[in-house]
Amino acid sequence: MNGAMEVETEQQNTSNGAQVEKKENCEVNEVTEDNKINTEVEVPAEGNDVEKSDGTAEEAAVKDGCDVYAYTRREEFTSENFKIELRGLPRFYHVGQLKKLLNETLKLNAHKLKPAGRAKNWAYVNFRDEAARENALAVLEGYKWKKSTFKVSNAKPVEDPLVKIREEREASKKDDDPDSNLSIMERVSKSVIPYAHLSYEEQLEKKQKDALQVLRKYGSDLAHVNPELAKFISFQKMRRKGQVCEVDDIVPSPVIDNYRNKCEFTIGVNPENGLPTVGFRIASYKEGSMHVAPIGHLCHLPHQMKSVVEEFEKFIRDSGLAPFSPLTHEGFWRQLNVRTTRNNDILIIPMMHPQDMNEEQLSDVKKKIVAHFTVGPGASLGITSIFFKAYGQKEKGTEHVLELLWGQECITETILGKKFRVSPDAFLQVNTAAAEVLYDKIGSLAELDSNSVLLDICCGTGTIGISLADRCHKVYGVEIVEKAADDAKYNAKENGLENVAVFTGKAEDNMPFLMQHCTKANTVGIVDPPRAGLNNSVVFGLRKCETMKRLVFVSCDPSNAIRNFISLARPQSKQYKGEFFIPVRAIPIDLFPHTPHFELVILFERWDEHRWKCIMEGNPLPQDEEYFKRLPDKPNFSGNDSQKDKRTPDEQEEEPRKKMKPE
């Protein structure tokens, strides 16, 4: 079998589809090409209890252009064509055990395993070809496992979610739909920049409330997880309007309009004029939309980016090649990525499906792109880099490499007086001016000095660590993406910084080595992970780094990061070694005006019972005088009265012991 078998849990089956690795995609509602069905189609948790069709309904669906199984007859591979239903599973079993049985014990080379859901006694198993499926049917029928006997049968492919949802939406369409009378430009504005109709003050107010809500939930969860913190949490909540730590007012972005330095534009058809259009989808593929709206009216995009999009749109309309359709898988043009910098760099990455083009035809397309933007109508835009990507069906484990057609290999950005080389697909905050504010706040919370060692986890191109390197003794950065790590090493050298060392690989793999170098009494950690957050093994490593007394956590998705916040604060155990961290101060920072998104920066510190006892008794240690001055003089819980805790401190300390979550 090529690669590891995929396993889909019930939670994965109900998720929204594509996994977004880059943090910059978390602040916009636009949808990239990863959402279309061009490799594997997700199966609902209970999606295959369907009687077999006699073909009449399918033939009628084809005539109506609504064939939910059309994708299974394309030339592209889908394991949905080689799927079985496995029944008779034990009521309770671990999916890892079933995976081991199928591929290690029985050597069936399953491609994908999809459990039906909790307490369900069946699952769906996909294979790569008919021979593998037939072999599995023969081996598994009547097989006994954990006092259960298997029964197997062929399973029907899952329905194409786009066709299915479009049918459902048409069937349930109502005249009172609030968006039914909106133009496509109004609809894309509502999707991509939903706060644009509000004043900026109103936007900040809504985001501040969101930050407070997340932190309040964290405080509630923390009280149940760590009973040792009951008095600390009660003390904080009574003085901070129900919050578990000090919370600053949200920091506004220095620029409100035209701030984005990167966007991924979909190429499709504008339903209002039927023309190929470069823009944003008005909704995701899974929501049943393929329509693309123009972007010239969107206020968060810079003018030079809009000009590039407009010119590329002219190019594709004159190219004679149609946009790629995620429904029929016909057409060519997929996507256009554009990156800009304050140093006047403009990098573009056109992407297309080559279909049955030969090398000569594909080469001709590339030459026309270069000519159009270097000596043709697009030359005046001043594009500095042209990359290209052509790919058909995406398969797990395969990577389609960007091809440089013309110009510079990287772009260069200036942040806080330092220059940074950024590879075409490397992460960089999409609002450069606000990123400078973010990094400055991180530095302030870290309280670095000439004896500090800064541990920069998920360092990317090194922007945070390098920006703060002048304030500390040594910076160690860790980055899993090789190109980004190479950029970070280059950037440290180009900025003349000899106190920066960058390591390539997973943070959890590098933690033991880094801990050997973090022997300074003032080791400060900074984590700025992708949207999915940190692997728990990284959290374990951070906790075991005894010299690390302060940790600054930067999250673009605070609701999702609560899992990490809780792990940092769990009481010591065999699994969670090292003294736990507590939240001390939180600062929301707006990097994404006109959207609901923001960055939340939280300062965590090691728990010190004596220190906090002194603070709570009104006798702070000398180093805590400034913090104590910022504390409100009297309890001021002014939130929902129903949330006010009127129990005695001893009662509050006892309650979490009853509700404490298992590790």
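What you see is a predicted model; the values in this text were computed from it and never measured. (Residues numbered from 1 in each chain as written. Predicted model: local features only at pLDDT ≥ 70, side-chain atom pairs only at ≥ 80, totals over all residues. Heavy atoms only, no water.)

**Student:** What's the story with the packing of aromatic side chains in this structure? I'm lost.
**Tutor:** If you walk through the whole model with that rule in mind, you get 19 aromatic pairs. Considering the side-chain rings of Phe-265 and Phe-280, the 5.1 Å spacing of their centres and the 15° angle between planes classify their relative orientation as stacked. Here Phe-265, found in strand β9 (residues 262-269), pairs with Phe-280, found in strand β10 (residues 276-281); they are 15 residues apart in sequence, far enough to count as distant. Considered together, Phe-265 and Phe-280 belong to a single accessibility category, that of buried residues. For the ring pair Phe-315 and Trp-333, a centre distance of 6.0 Å and an interplane angle of 70° mean the geometry is edge-to-face. One end of the pair, Phe-315, is in helix α9 (residues 303-319); the other, Trp-333, is in strand β12 (residues 333-340), with 18 residues separating them in the sequence. (Phe/Tyr/Trp six-rings, centres within 6.5 Å; stacked < 30°, edge-to-face > 60°. Helix = DSSP H or I, 4+ residues; strand = E, 2+ residues; numbered from the N terminus. Buried < 20%, exposed > 50% of the residue type's maximum accessible area, 1.4 Å probe, protein only.)

**Student:** I keep staring at the pattern of salt bridges and nothing clicks. Help me out?
**Tutor:** Enumeration according to the criterion identifies 25 salt bridges in this entry. Across the salt bridge formed by Asp-248 and Arg-585, the nearest N and O atoms sit 2.7 Å from each other. In this pair, Asp-248 is assigned in the loop between β8 (246-247) and β9 and Arg-585 in strand β23 (residues 581-589), connecting sequence segments 337 residues apart. Residue Asp-248 is classed as buried on the basis of its relative accessible area, which comes to 15%. Here the salt bridges do not stand alone but share partners, grouping Glu-447, Arg-550, Glu-605, Arg-611 and Asp-624 into one network. (Salt bridge = Lys/Arg side-chain N within 4 Å of Asp/Glu carboxyl O.)

**Student:** Just checking my understanding: could you explain the packing of α9 against helix α10 (residues 359-374) for this structure?
**Tutor:** The relative placement of two packed helices comes down to the angle between their axes together with the axis-to-axis distance. At a minimum axis separation of 11 Å, α9 and α10 run at an interaxial angle of 135°. In terms of axis orientation, α9 runs oblique to α10. For α9 against α10, the interelement crossing comes out right-handed. Contacts between α9 and α10 involve Glu-311, Phe-312 and Phe-315 from the first element and Lys-368, Ile-369, His-372 and Phe-373 from the second. Here the contact of α9 with α10 is built from residues that sort into four nonpolar, one polar and two charged. (Axes fitted to C-alpha atoms, helices over the stretch in contact; angles between N-to-C directions. Parallel < 35°, antiparallel > 145°, perpendicular 65-115°, else oblique. Left-handed = near helix turned anticlockwise from the far one by under 90°. Contact = heavy atoms within 4.5 Å. Nonpolar A, V, L, I, M, F, W, Y, C, P; charged D, E, K, R; others polar.)

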